[in-house]
Amino acid sequence: MEVKAFSTRPDEDPYYNLFSKQYGLELDRDTDGLTMENIDSVKGYEGLSLVLDGNLTDEVLKALADRGVKFIGLRTIGFDGINLKLAEDLGIRISHAAYSPYSVANYTVMLMLMCIRKALYILLRSHTADDSLGNVQGMEMQNMTVGVIGTGRIGKAVIQNLSGFGCKIIAYDIHPSDIPNVEYVPLDELYHRSDIITLHTFLSPETRHMLNSKAFAKMKDGVIIINAARGALIDSSDLIDAIENDKVGGAGIDCFEGEEEVVRMDHLYDDRVKNHDYIVLKSFQNTIVSPHVAFYTDQAVSDMVRTSLESLKQFGQGEEVPLEVTKN
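Residues numbered from 1 in each chain as written. Predicted model: local features only at pLDDT ≥ 70, side-chain atom pairs only at ≥ 80, totals over all residues. Heavy atoms only, no water.

Draft legend 1. Region of interest: the overall build of the protein chain. Counting its regular elements, the protein chain contains 11 helices and 13 strands. Taken against the 2.2 N^0.38 rule, which gives 20 Å for 328 residues, the C-alpha radius of gyration of the protein chain at 21 Å falls within 12% of a compact globule. With the C-alpha coordinates of the protein chain rotated into their principal frame, the extents come out at 65 × 50 × 35 Å. Counting only residues that meet the buried cut, the protein chain has 50% of its 328 residues in that class. Sequence separation of at least 24 residues holds for 66% of the intrachain contacts in the protein chain that already meet a minimum separation of 6. Summed over its atoms, the accessible surface of the protein chain is roughly 16100 Å², and 50% of this surface lies on carbon and sulfur atoms. Mean positive and mean negative side-chain charge positions of the protein chain (31 and 49 charges, respectively) differ by 2 Å. (Helix = DSSP H or I, 4+ residues; strand = E, 2+ residues; numbered from the N terminus. Rg over C-alpha atoms; globule rule 2.2 N^0.38 Å. Buried < 20%, exposed > 50% of the residue type's maximum accessible area, 1.4 Å probe, protein only. Contact = heavy atoms within 4.5 Å. Areas by Shrake-Rupley, 256 points an atom, 1.4 Å probe, with all protein chains shown as cover. Lys, Arg positive; Asp, Glu negative; His and termini not counted. Charge placed at Lys NZ, Arg CZ, Asp CG, Glu CD.)

Next up, the structure:
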């Protein structure tokens, strides 16, 4: 089967070489992303390997179907924003990626520790030769209650990582699991009881802006907010207000609404970053804002390329595709 991969990076090359050979795929690579400008380059390929970055619009899906594309193997877990009903009607099947949950889980706990110990502020002050104690007193995990929203693979890995810290762990999920030493509670109770709240749920119409002014009002003063899931789970404007009003005592944000305007680009010599909320969030001394890199480990990159190509192989051989996503 002939496959074309878009938005390829040098760090992915060894895994493309390995897994395309392992799965018997004839693979062509393009470092550019898929756009309407280069859409004709998909002619002759039934399968594509893509990173989802807002490129699979209805217009693009229709153009892909017109050019004979039958299957898209995403190299991302998220698939929100794709019109799956339209894709199905056009005869295009789509799979998403699965990768090591510990990439995001480890990063999540790092953000928690950096927030409660004010690590970024300490490091910034140290670089200006200010080594006084100042306002850097931290907190200890064993004295805190951590609320985990979403207990899928990543949420469970976060809980596993936290289990050695001695903190109280409570959780909310519409499909609770049997996890030792974890108490499932209603969402409002989680808001009320948690010292740290970490998000690990999918983005949907129901979860979009689930952390908003009403939710923040139900939380403890000084709560720590961690988001390494989806940016639009949080209303950024409301988060900024909560930080300014001392309702939120710190935040570790790896993804934020409108991040496609910012991430994967070097802004060192560019003063035209237009995402106002991003600029404001980065300006606070008690926030950490990173450019959606929690996933980015050697293991996760290998897993993303492998699962994308494996799904394409399964499609090409008429096999079941376990990672296929549908409109249901």
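On we go from here.
Draft legend 2. Quick peek at the layout of surface pockets. Quantified by volume, the second largest pocket comes out at close to 220 Å³. Taken together, the elements giving at least two residues each to the lining of the second largest pocket come down to helix 4 (101-116), helix 5 (119-127), strand 11 (248-253) and strand 12 (287-289). Looking at the lining of the second largest pocket residue by residue, the class counts come to 8 nonpolar, 6 polar and 1 charged. (1 Å grid on protein atoms, 1.4 Å probe; cavity = no way out; pocket = protein on both sides within 12 Å on 5 of 7 lines; lining within 4 Å. Points joined across faces, edges and corners; volume = space filled by probe spheres on them. Nonpolar A, V, L, I, M, F, W, Y, C, P; charged D, E, K, R; others polar.)

Draft legend 3. Examining the pattern of salt bridges more closely. Overall, the coordinates contain 18 salt bridges when judged by the stated rule. One salt bridge in this structure joins Arg 29 and Asp 13, with 3.2 Å as the shortest N-O distance. Placement of the pair is Arg 29 in strand 2 (residues 26-30) and Asp 13 in helix 1 (residues 13-22), with a sequence separation of 16 residues. You can call Arg 29 partly exposed: its relative accessible area is 32%. When its relative accessible area of 27% is taken as the criterion, Asp 13 is described as partly exposed. The salt bridge involving Lys 168 is made with Glu 183; its shortest N-O contact spans 3.4 Å. (Salt bridge = Lys/Arg side-chain N within 4 Å of Asp/Glu carboxyl O.)

Draft legend 4. The arrangement of the packing of aromatic side chains in detail. Summed over the entire model, instances satisfying the criterion amount to 5 aromatic pairs. With a centroid separation of 6.3 Å and 45° between ring planes, the pair formed by Phe 79 and Phe 202 is classed as tilted. Within this pair, whereas Phe 79 is found in the loop between strand 4 (71-74) and helix 3 (84-90), its partner Phe 202 is found in the loop between strand 9 (196-199) and helix 8 (213-217), the two being separated by 123 residues in sequence. Given the relative accessible area of 23%, Phe 79 is considered partly exposed. Ring centres 4.8 Å apart and planes at 25° place the aromatic pair Phe 256 and Tyr 278 in the stacked group. Separated by 22 residues along the polypeptide, Phe 256 in the loop between strand 11 and helix 10 (276-283) and Tyr 278 in helix 10 bring together distant segments of the chain. You can call Phe 256 buried: its relative accessible area is 4%. The ring of Tyr 121 has Arg 125 sitting right over it, with the charged end atom 5.4 Å from the ring centre. (Phe/Tyr/Trp six-rings, centres within 6.5 Å; stacked < 30°, edge-to-face > 60°. Lys NZ or Arg CZ within 6 Å of the ring centre and 35° of its normal.)

Draft legend 5. Broad picture of the sheet that holds strand 1 (residues 2-6). Pairing is mixed across the open sheet formed by 6 strands, whose spatial order is 2-1-3-4-5-13. With one partner strand each, in any of the chains shown, strand 2 and strand 13 (324-325) form the two edges of the open sheet. Here strand 1 runs beside strand 2; their pairing, made up of 5 bridges, is parallel. Following the sheet pairing, Glu 2 is matched in strand 2 by Glu 26. In this fold helix 11 (residues 298-316) packs onto strand 1, strand 2, strand 3 (47-50), strand 4 and strand 5 (93-95), with an angle of close to 155° to the strand it touches most, strand 4. (Pairing = 2+ DSSP bridges. Axes fitted to C-alpha atoms, helices over the stretch in contact; angles between N-to-C directions.)

Draft legend 6. Main features of unusual backbone geometry. One non-glycine residue, Asn 181, lies in positive phi territory at about 65°. When you line up the elements, Asn 181 lands in the loop between strand 7 (168-172) and strand 8 (183-184). What makes Asn 181 exposed here is its relative accessible area of 76%. Here the phi dihedral of Asp 246 falls at roughly 65°; this positive angle occurs in a residue that is not glycine. Mapped onto the fold, Asp 246 is located in the loop between helix 9 (236-244) and strand 11.

Draft legend 7. Spotlight on helix 9. For helix 9, every residue scored as buried is listed here: Ser 236, Asp 238, Leu 239, Ile 240, Ala 242 and Ile 243. Close packing links the buried residues of helix 9 with helix 8, strand 11, helix 10 and strand 12. Of the residues trailing helix 9, Asp 246 is marked for its positive phi of about 65°.

Draft legend 8. Local environment of the environment of Gly 138. As for its placement among the helices and strands, Gly 138 is situated in the loop between helix 5 and strand 6 (145-149). For Gly 138, a relative accessible area of 29% puts it in the partly exposed group. For Gly 138 and Arg 117, which are 21 residues apart along the polypeptide, the C-alpha to C-alpha distance reads 4.3 Å. Not counting residues within four places of it along the chain, the set of residues in contact with Gly 138 comprises Ile 116 and Arg 117.

Draft legend 9. Region of interest: the sheet that holds strand 9. Reading across the sheet, the 7 strands line up as 8-7-6-9-10-11-12 and stay open at both edges, with parallel pairing between neighbours. Both outer strands of the open sheet, strand 8 and strand 12, are each paired with one neighbouring strand and no more. Looking at chain direction, strand 11 and strand 12 are connected through 3 bridges and run parallel. Considered in strand 12, the bridge of Ile 253 is made with Val 289.

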